[in-house]
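# Residue-level structural notes
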Amino acid sequence: MDTKFIGKKSAAAGGWGALKSCGKRLLQSGTPISGARTMLKANQPDGFDCPGCAWGDPEHGSSFEFCENGVKAVAWEATEKRATPAFFADKTVSQLRQLTDYELELNGRLTHPMRYDAASDRYLPVAWEDAFAEIGSILTGLDSPNRAEFYTSGRASNEAAFLYQLFVRIYGTNNFPDCSNMCHEASGIAMRQAVGVGKGTVLLEDFEAADAIFVIGQNPGTNHPRMLGDLRRAAIRGARVVVFNPIRERGLERFSDPQDKVEMLRGGSTDIASLYLQPQLGGDMAAVRGMAKAVLAAEEAAAAGLPSVLDHAFLAEHCEGFAEYRAAVEATNWAEIEDQSGLSRQEIERAADVYISAERVICTWAMGVTQHLHSVATIREIANFMFLRGNIGKPGAGLCPVRGHSNVQGDRTVGINEKPADDFLDALEEHFRFTVPREHGHNVLAAIGAMLDGSAEAFIGLGGNFARATPDSALVEKALRRLKLTVHIATKPNHSHLMPGETAFILPCLGRTEMDLNAAGNSQLVSVEDSMSMVHGSAGINRPASPHLLSEVAIIAGIAQATVGSAVVAWAELADDHDRIRDHIEATIPGFENYNTRLRKPRGFHLRNAAAHREWDTPTGKASFSSDPLPGETVHQRARKGEGRFALQTFRSHDQYNTTVYGLDDRYRGVYGERQVIFIHPADLEAMNAKAGDRVDVVGEHDDDIERIAENFRFVPYDIPRGSIAGYYPELNVLVPLGSAGRESDTPTSKSIMVTFRRRKAA
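First, a word on scope: everything that follows refers to the structure included in this document.

Calculation notes
Residues numbered from 1 in each chain as written. Predicted model: local features only at pLDDT ≥ 70, side-chain atom pairs only at ≥ 80, totals over all residues. Heavy atoms only, no water. Helix = DSSP H or I, 4+ residues; strand = E, 2+ residues; numbered from the N terminus. Contact = heavy atoms within 4.5 Å. Areas by Shrake-Rupley, 256 points an atom, 1.4 Å probe, with all protein chains shown as cover. Core = buried A, V, L, I, M, F, W, Y, C linked by side-chain atoms within 4.5 Å. Buried < 20%, exposed > 50% of the residue type's maximum accessible area, 1.4 Å probe, protein only. Phe/Tyr/Trp six-rings, centres within 6.5 Å; stacked < 30°, edge-to-face > 60°. Pairing = 2+ DSSP bridges. Axes fitted to C-alpha atoms, helices over the stretch in contact; angles between N-to-C directions. Salt bridge = Lys/Arg side-chain N within 4 Å of Asp/Glu carboxyl O. Parallel < 35°, antiparallel > 145°, perpendicular 65-115°, else oblique. Nonpolar A, V, L, I, M, F, W, Y, C, P; charged D, E, K, R; others polar. Left-handed = near helix turned anticlockwise from the far one by under 90°. Arc of directions from axis to C-beta. Polar contact = N/O pair within 3.5 Å; in protein donor to acceptor, adjacent residues only side chain to side chain.

## Some words on the overall build of the protein
Scanning the protein for helices and strands turns up 31 helices and 31 strands. When contacts within the protein are restricted to residue pairs at least 6 apart in sequence, those whose partners lie at least 24 apart make up 79%. Of the roughly 27,000 Å² of accessible surface on the protein, 50% is carried by carbon and sulfur atoms.

Following this line, the structure appears as C-alpha cells:
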C-alpha cells in the first residue's frame with residue numbers, strides 16, 4: 001500500500017519549519033533577495049498591507065509583522081515568472097483546463113490584457129481600449145442591468161470596491177455576489193440581530209487583557225498565523241485558551257514563534273490550548289448551549305453571600321429576552337446536548353468552569369462555525385453565552401469573528417452588498433445625484449442560479465477564482481460557459497479564466513506589493529480594513545510585473561467609462577487620484593471623517609463599533625438574546641443513520657490560501673506531495689476493512705438527483721471524531737450542493753456534506 005505521502009507532523013506550529021518553508025517559497029519565486037526585502041515592508045507605515053489574512057496589526061514599526069503565510073502570499077505575487085501571450089499561444093484553453101490549480105498558477109503573473117478567441121480556443125492579446133469598449137457595448141446591450149453579475153474578492157481595496165459598487169449602481173443593479181457570501185455571512189447576520197453591529201467588538205489590545213479566550217471552529221495556524229503570536233502571549237501570561245475543533249490542529253496545540261530568538265535557539269515551543277475539545281461536525285451550538293446550562297446551574301448553586309455567576313447588572317440594563325433564553329436552556333436536556341455535540345457533560349462543564357472563573361473573555365470563531373445549516377443560530381448562541389457574564393463592551397472581552405481575506409470586511413463597509421441599507425443608498429443618491437437601484441440583488445448562490453437558468457448573461461469578477469471557490473464545481477463551470485460575457489480582473493491565470501463565455505476577457509492588474517503611479521508619477525495609496533475594524537493604508541514598493549498592468553481602480557474606471565459614461569462621475573480623475581475616491585467615501589459612509597488625514601497616521605484609524613461601547617443598534621435598543629432550540633438533527637446525526645455514511649468538512653491545507661495553492665505539503669497534518677486525501681478516524685478505517693493510502697471515490701448525497709463524485713482520493717488516519725471526515729477544498733467543492741445553504745445566511749454548507757465511499761482498485 002502506497003503511504004509515502006504520509007509523514008511526520010510538525011512538533012509545533014511555526015518554528016524552524018516555518019522559516020524553511022518561507023525560504024523554499026522565496027526561492028521558488030525566483031526573487032529570494034528582493035522578496036525578503038519586500039517582506040520587511042509588510043504591515044509597516046511606509047509599506048503595504050499583507051495580501052494574506054485579515055488579522056489585526058499592532059503598532060506599526062514595532063517589529064517585523066509577517067508570518068509564514070504572509071511570506072508565501074508575497075512570494076506568490078512577486079514571482080519572476082510570467083504568463084505572457086506566448087503562454088496562452090502555446091496551449092488551447094481546453095489543454096490548460098487539464099492543469100491543476102497549483103500547476104496553472106505556477107506559470108506566474110499575467111502581463112497583457114487577453115481576449116478569448118473561440119475559433120482557435122486560445123486567449124489572444126487585446127488593447128485595453130478595445131477591451132473596455134467591447135465590455136461596455138455588451139453590458140449596455142443587455143435588456144436589463146439585472147442580467148449582469150458583479151463578483152468581488154476580499155483582495156480588493158476599499159477604493160476599488162467603492163468605485164466598483166458606484167459604477168454598478170449607476171449602471172442600475174444591486175447584483176453583488178461577494179466572497180463573504182461563502183464565509184462569514186452568518187456572522188454579520190447573527191451579530192446584527194444580537195448586538196446591532198455585524199463586526200467583531202474587540203481590538204487587538206483586548207487579547208492582552210483577556211483572562212480566557214474561546215476559539216471555536218477555527219484554525220489560526222494555517223488561516224491567520226499571526227493570531228498564534230497573540231494566543232501564545234496570552235497563554236504565557238496565564239490566560240486560558242479553550243478550543244472547540246473537531247480535528248486536532250497543531251497550531252492550537254503548540255506554537256514556536258519564529259520571532260522569539262530564545263525559543264528558536266532552544267528548539268522550544270509554547271502550549272496554546274489549556275483545554276482542547278473535539279465536537280462532532282455541526283455540534284458547536286449544542287456545546288455552547290451546554291456551557292450556558294452549566295453557567296446557569298452554577299448561578300443557582302451559588303451559596304448566599306458568594307458573588308453571583310451572572311452579571312445581573314449587565315443583563316438588566318443592556319439585554320432583552322433573557323428569561324425566554326433561560327427557559328430554552330433549561331428545556332434542553334443533557335442527553336440531547338451530549339448526543340448532538342459529541343462531547344460529554346464533564347468536558348463541557350470543564351469549559352464552562354474556565355468561563356466562570358474569568359472576568360474578561362473573548363470568543364473567536366471562523367468558518368468551522370459559519371458553514372453549516374444552522375450557523376446563524378450557533379453564532380446567536382455564542383452571543384447569548386457571552387451576555388451571561390457581560391463579556392461584551394469591556395476591555396479584554398468581546399465577540400471576534402476572524403475574517404479570511406485581507407479586506408473582505410472593508411469591501412462590505414464601503415458598499416459591496418446585494419441588500420444595501422437604505423441610509424447608504426440615500427447618501428449615494430444625494431451625493432452623486434443619480435437614481436439608485438433599490439431592488440435587492442443576487443448573492444453568490446442566487447447569481448449561480450441566474451446564470452444556470454439564463455436570466456444572467458454577463459459576469460465580471462473583481463479578483464478571486466469564482467469557479468473554484470464556489471460549491472458544486474461542475475454546475476458553476478457550466479453556468480460560466482453559457483454566458484454572453486465573462487471578465488476576470490486578476491494577477492495570475494486560474495481555472496475561472498478557462499470557463500469562457502461567448503466573449504471573454506482576462507484583465508491583468510497590479511498586486512498589493514506593486515507601485516501604482518499616477519499621471520504625475522506619484523505613488524498611489526489604497527486602504528483596507530482588518531477583522532478589528534482598523535483601516536490601514538497600503539502602498540506598493542515593487543516595480544510592476546509588466547508595463548501593461550493597470551490598477552484595479554483604473555480597470556474599473558475604464559469599464560465604467562465605456563459603460564455608463566462620465567455624466568455622473570469623472571472616472572479618469574478618480575483613477576488618477578485615490579484621495580478623491582476617499583473624499584467620496586467620507587461624504588457617504590459614517591466613520592470615515594478626515595479619511596485622507598487619518599489614513600496616513602502610522603496605524604491608520606479605527607471605525608467606531610457601537611456595540612463595543614454598549615450601544616445597541618437593535619429594534620429594542622438592547623442586546624438581544626435568542627431562544628432558538630437546538631437543530632432537530634445535525635449532519636453527523638443524520639450520517640450515522642445509514643451504513644457507510646460520513647459527515648465531511650472541507651478546509652485548507654497549510655500550503656494554500658483560499659483557492660491559491662502554494663505547494664503540495666501540509667506538514668502540520670503530516671501530508672506531503674498530495675492533496676487528494678481524506679482524513680478519517682483509524683477505527684472507521686478498520687470498520688470498513690480499509691487501510692491508510694487506500695483509494696476511494698467520494699460520493700455526495702443530496703436529494704436533488706444530481707450525481708456528485710470526487711474521484712481518486714486516499715485515506716489518511718487522523719485524530720478526528722468517528723463518523724466525521726475532512727479534506728481539502730477546492731478539490732472537494734464538487735460535492736457541496738448548491739441546494740444546501742445556511743438558514744438566513746445562504747452560505748454553502750461546506751462543513752456539513754453527507755458522503756459515502758466507493759472503493760477503487762489499486763493502480
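Back to the text.
## Description of the nonpolar core
In this structure, Phe214, Phe244, Phe387 and Leu388 are the most contacted members of the largest nonpolar core, which totals 61 residues. Broken down by element, the residue count for this core peaks at nine residues, all from helix α14 (residues 284–301). The contact partners of phenylalanine 387, leaving out residues within four places of it in the chain, are Ala194, Val195, Phe314, Leu315, Cys319, Ile392, Ala623, Ser624 and Phe625. With 60 residues, the next largest nonpolar core counts Ile138, Ala156, Phe424 and Leu425 among its residues.

## Observations regarding the packing of aromatic side chains
Applying the stated criterion to the full structure yields 29 aromatic pairs. Ring geometry for phenylalanine 167 and tyrosine 171: centres 6.3 Å apart, planes at 35°, overall tilted. Here phenylalanine 167 pairs with tyrosine 171, and both are found in helix α8 (residues 158–171), just four residues apart, close to one helical turn. Grouping residues by exposure puts phenylalanine 167 and tyrosine 171 together as buried. With a centroid separation of 6.1 Å and an interplanar angle of 85°, the aromatic rings of phenylalanine 214 and tyrosine 355 are classed as edge-to-face. Residue phenylalanine 214 is located in strand β7 (residues 212–216), and its partner tyrosine 355 is located in helix α18 (residues 345–357); the two are separated by 141 residues in the primary sequence.

## Focus on unusual backbone geometry
For the bond running from tyrosine 729 to proline 730, omega is 10°, close enough to zero to count as cis. In this structure, arginine 614 takes a positive phi of about 60° despite not being glycine. Within the secondary structure layout, arginine 614 lies in the loop between β20 (605–606) and β21 (623–624). Positive phi, normally seen in glycine, also occurs at asparagine 658, with a value near 50°.

## Points about the sheet that holds strand β11 (residues 275–277)
The strand order across the open sheet formed by five strands is β11-β8-β7-β13-β14, and the pairing between neighbours is parallel. Of all the strands in the sheet, just β11 and β14 (398–401) have a single pairing partner and so form its edges. Direction aside, neighbouring strands of the sheet carry axes that sit 15° apart on average. Taken together, the four bridges between strand β13 (residues 361–365) and β14 define a ladder with parallel strand orientation. Within β14, the residue paired with cysteine 363 across the bridge is leucine 399. The strands that α18 touches are β7, β8 (240–244), β11 and β13; relative to β11, the one it contacts most, it runs at about 140°.

## Side note on the pattern of salt bridges
In the structure shown here, the tally under the stated rule is 41 salt bridges. The salt bridge partner of arginine 147 is glutamate 457, with a shortest N-O separation of 3.8 Å. With arginine 147 in the loop between α7 (128–141) and β6 (148–152) and glutamate 457 in the loop between α23 (444–453) and β15 (458–462), the pair connects residues that are 310 residues apart, well separated along the chain. Overall, the relative accessible area of 16% leaves glutamate 457 in the buried class. Aspartate 579 is paired through a salt bridge with arginine 600; the nearest N and O atoms lie 3.0 Å apart.

## Points about the packing of α8 against helix α22 (residues 422–432)
Put simply, α8 and α22 touch, their axes get as near as 12 Å, and they point 80° apart. Overall, the two elements α8 and α22 adopt an arrangement that is roughly perpendicular. Residues Phe162, Gln165, Leu166 and Arg169 of α8 form the contact with α22, whose own contacting residues are Phe424, Leu425, Leu428 and Phe432. Across the contact of α8 with α22, the residue classes break down as six nonpolar, one polar and one charged.

## Quick notes on the pairing of β15
Burial analysis of β15 places five of its five residues in the buried class, which makes it a mostly covered element. Neither face of β15 is left uncovered, since the one carrying Ala458, Ile460 and Leu462 and the one carrying Phe459 and Gly461 both have all their residues buried. Bridge analysis of β6 against β15 gives five bridges, and the strand direction is parallel. Across the sheet, residue threonine 152 finds its bridge partner in β15, namely leucine 462.

## Some details on the packing of α7 against helix α26 (residues 552–564)
With their axes 8 Å apart at the nearest point, α7 and α26 run at an angle of 50° to one another. With respect to α26, the axis of α7 lies oblique. Handedness of the crossing formed by α7 with α26: right-handed. Along its contact with α7, which presents Trp128, Phe132, Ala133, Ile135, Gly136, Leu139 and Thr140, the element α26 presents Ala554, Ile555, Gly558, Ile559, Ala562 and Thr563. Across the contact of α7 with α26, the residue classes break down as nine nonpolar, four polar and no charged.

## Details of α22
Every buried residue of α22 is listed here: Phe424, Leu425, Ala427, Leu428 and Phe432. Seen along its axis, α22 keeps its buried residues to an arc of 160°; they face one direction. Projecting away from the buried face of α22 at angles above 90 degrees are the exposed residues Asp422, Asp423 and Glu430. Buried-residue contacts for α22 involve α8 and α28 (578–588).

## Quick look at the side chain of asparagine 158
Mapped onto the fold, asparagine 158 is located in helix α8. Within the local environment of asparagine 158, its side chain forms a polar contact with the side chain of asparagine 407, the two groups lying 3.1 Å apart. Residues within four places of asparagine 158 in sequence aside, it is in contact with Asn407, Gly410, Asp411, Val414, Ser527, Val528, Glu529, Val535, Ile585 and Tyr595.

## Observations regarding the pairing of strand β19 (residues 534–538)
In terms of residue burial, β19 counts as a mostly covered element, since four of its five residues are buried. Taken together, the four bridges between strand β18 (residues 526–529) and β19 define a ladder with antiparallel strand orientation. Looking at β19, one finds that valine 526 is bridged to serine 538. Hairpin connection, β18 to β19: the antiparallel pair is bridged by four residues, and serine 533 has positive phi, about 65°. Note that β19 and β20 share two bridges and pair antiparallel. Looking at the pairing, valine 535 lines up with phenylalanine 605 of β20.

## What to know about the sheet that holds β6
Consider a sheet: its strands pair through backbone hydrogen bonds, and that pairing is either parallel or antiparallel. One open sheet accounts for six strands, arranged β5-β4-β17-β16-β15-β6; its pairing is mixed. Since the sheet does not close on itself, it has two edges, and those belong to β5 (122–125) and β6, each with one partner. Adjacent strand axes in the sheet meet at a mean angle of 20° when their direction is disregarded. Direction of pairing for β15 relative to strand β16 (residues 485–490): parallel, over a ladder of five bridges.

## Examining the environment of proline 737
Residue position: proline 737 is located in the loop between β30 (724–728) and β31 (753–759). Its relative accessible area of 6% is what places proline 737 among the buried residues. In this structure, the C-alpha to C-alpha distance between proline 737 and glutamate 701, residues 36 residues apart in sequence, is 8.9 Å. If we skip the residues at most four places from it in the chain, proline 737 touches Asp472, His702 and Arg708.

## Description of the environment of aspartate 703
As for its position among the elements, aspartate 703 is in the loop between β28 (695–700) and β29 (709–717). Judged by its relative accessible area of 70%, aspartate 703 is exposed. Spatially, the C-alpha atoms of aspartate 703 and serine 740 are 9.8 Å apart, while their sequence positions differ by 37 residues.

Function cannot be read off these values alone, since they describe shape.
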